[in-house]
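Observations on chain architecture
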Amino acid sequence: NADVALNRAKEEGRNNFQFYTQDMEAGVFRRLTMEANLRRALKRDEFLLVYQPKICTRTGRIVGLEALVRWAPPGKPLVSPAEFIPVAEQTGLIVPLGRWILREACAFAQECRAAGRPDLTVAVNLSARQFHERALLADVAAALTESGLPPANLELEITESMVMSEAEEAIETLRRLKAMGLSISVDDFGTGYSSLSYLKRFPLDALKIDQGFVRDLTTDAEDRSIVAAIISLARSLGLQVVAEGVETADHLDHLAAGGCDLVQGYLISRPLPQDEAQAFLRHHADGWDPAASLGVGP
Ligand code: C2E
Ligand code: MG
Ligand code: MG
Ligand code: MG
């Protein structure tokens, strides 16, 4: 009857609420623990950058490296940025962490220049909070000045959602960054919401096709259409187009034939620690050679 039903509903409601708070507490607890750990990690210098090469589909030349952050807690396996970047974002720790990333990447880019690759660009991912933070321009300028890296050797990766949310403000920030002489690319392109009329107004240099469209490129007709559409969009806007997540020779062949300028992915190389990235650059100094893997050359 009605009373029984009401009591059950209350009971279930209570239980649901309990489950809800328990989950929430676990979430908050995890976040707080992670936050404390990250804060300490930053003090103790436990972060490092790995670098993934990007090659030109026409010449095979390695034109750039993307810096990707890792957390290396002592005695434990590396932690993926997918786990700690969101926490760093929420807590604001991304600002000092991002500052360190910029400095470290610029210093390494300058080392690569000194080692015989003066034209190499190093790309740094920006997070939303970092992008909207007032300190960004000063942080970028400081990283360039301290390292002595020419701005032309630095590229910043942003995402669609970062710039579309407050477009007018974003256009201004991008203009200032571009005025410093560096270049800007849009990461994970195609997964966010982009207004095409805004896209035209943003001072951009490149679109990076999200790896989700590349994965099944050779078997999925829709992905193939999307990739072709992004390449043609980039073309008509005068932007370079980069494909990420290139894992097979078929991916590469298809993208090269379709007019994609640059590619990046496990086929060419996994992200590498500094010294291995340097070795990779030396080893493929005349262009990436799929037949010449590291360590087995003459
Ligand atoms: P992203 O910028 O789109 O980076 C590409 C991700 O794909 C990297 O994962 C890279 O290791 C991985 N990847 C590269 N080639 C392949 C491939 O052929 N196949 C597959 N399946 N994956 C590939 P990672 O390093 O775990 O980074 C994940 C995301 O975390 C990045 O996506 C970026 O959004 C963020 N992130 C990484 N480093 C930083 C950083 O220094 N600052 C900020 N704000 N975000 C970062
Ligand atoms: Mg990226
Ligand atoms: Mg991406
Ligand atoms: Mg990304």
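Report on the accompanying structure. Here the structure is a predicted model, which means the values were calculated and not measured. (Residues numbered from 1 in each chain as written. Chains lettered and ligands numbered in written order. Predicted model: local features only at pLDDT ≥ 70, side-chain atom pairs only at ≥ 80, totals over all residues. Heavy atoms only, no water.)

**Some thoughts on the coordination of the magnesium ion (ligand 2)**
The condition is simple: A 2.8 Å cut-off from the metal defines N, O and S donors, relaxed to 3.2 Å for Na, K and Ca; water is not in the atom list, so some sites may appear incomplete. To sort residues, take the accessible area from a 1.4 Å probe on protein chains only and compare it with the maximum for the residue type: under 20% means buried, over 50% means exposed, and anything in between is partly exposed.
Within the protein, the atoms that donate to the magnesium ion (ligand 2) are Glu66 (OE), Asn125 (OD1), Glu157 (OE) and Asp187 (OD), at distances of 2.0 to 2.3 Å. Of note, the donors binding the magnesium ion (ligand 2) are all from one chain and are spaced E-x58-N-x31-E-x29-D. Asn125 gets classed as partly exposed once you look at its relative accessible area, which sits at 27%. A residue is classified by how much of its surface remains accessible, and Asp187, at 9% relative accessible area, is buried.

**Thoughts on the pairing of strand 5 (residues 183-189)**
For the record, the criterion: The numbering of helices and of strands both runs from the N terminus, where a helix is a DSSP run of H or I of at least 4 residues and a strand a run of E of at least 2. A pair of strands is treated as paired once DSSP finds two or more bridges between them.
Strand 5 sits mainly inside the fold: six of its seven residues count as buried. Pairing of strand 4 (residues 154-159) with strand 5, which is carried by five bridges, proceeds in the parallel orientation. Within strand 5, the position partnered with Glu157 by the bridge is Ser185. Sheet topology note: the strand 5/strand 6 (residues 206-209) ladder contains three bridges and is parallel. Bridging across to strand 6, Val186 finds its partner in Leu207.

**Observations concerning the packing of helix 5 (residues 136-147) against helix 7 (residues 167-180)**
Quick reminder of the rule: Helix axes are fitted to C-alpha atoms over the stretch in contact, other axes to C-alpha atoms as well, and angles between N-to-C directions run from 0 to 180 degrees. Should an angle lie under 35 degrees it is considered roughly parallel, over 145 roughly antiparallel, and from 65 to 115 roughly perpendicular; all remaining angles are considered oblique. Definitions for this section: a left-handed crossing has its near helix turned counterclockwise from the far helix by less than a right angle. A right-handed crossing has that turn clockwise. Residues count as neighbours in contact if any of their non-hydrogen atoms are within 4.5 Å of one another. Gly is put with the polar residues, along with every residue not named as nonpolar or charged; the nonpolar set is Ala, Val, Leu, Ile, Met, Phe, Trp, Tyr, Cys and Pro, and the charged set is Asp, Glu, Lys and Arg.
Packing of helix 5 against helix 7 leaves a shortest axis separation of 11 Å and a crossing angle of 15°. By the criterion of interaxial angle, the relationship of helix 5 to helix 7 is roughly parallel. Helix 5 and helix 7 meet at a crossing whose hand is right-handed. Of the residues in helix 7, those touching helix 5 at Leu136, Leu137, Val140, Ala141 and Leu144 are Thr173, Arg176, Leu177 and Met180. Of the residues in the contact of helix 5 with helix 7, the class split is seven nonpolar, one polar and one charged.

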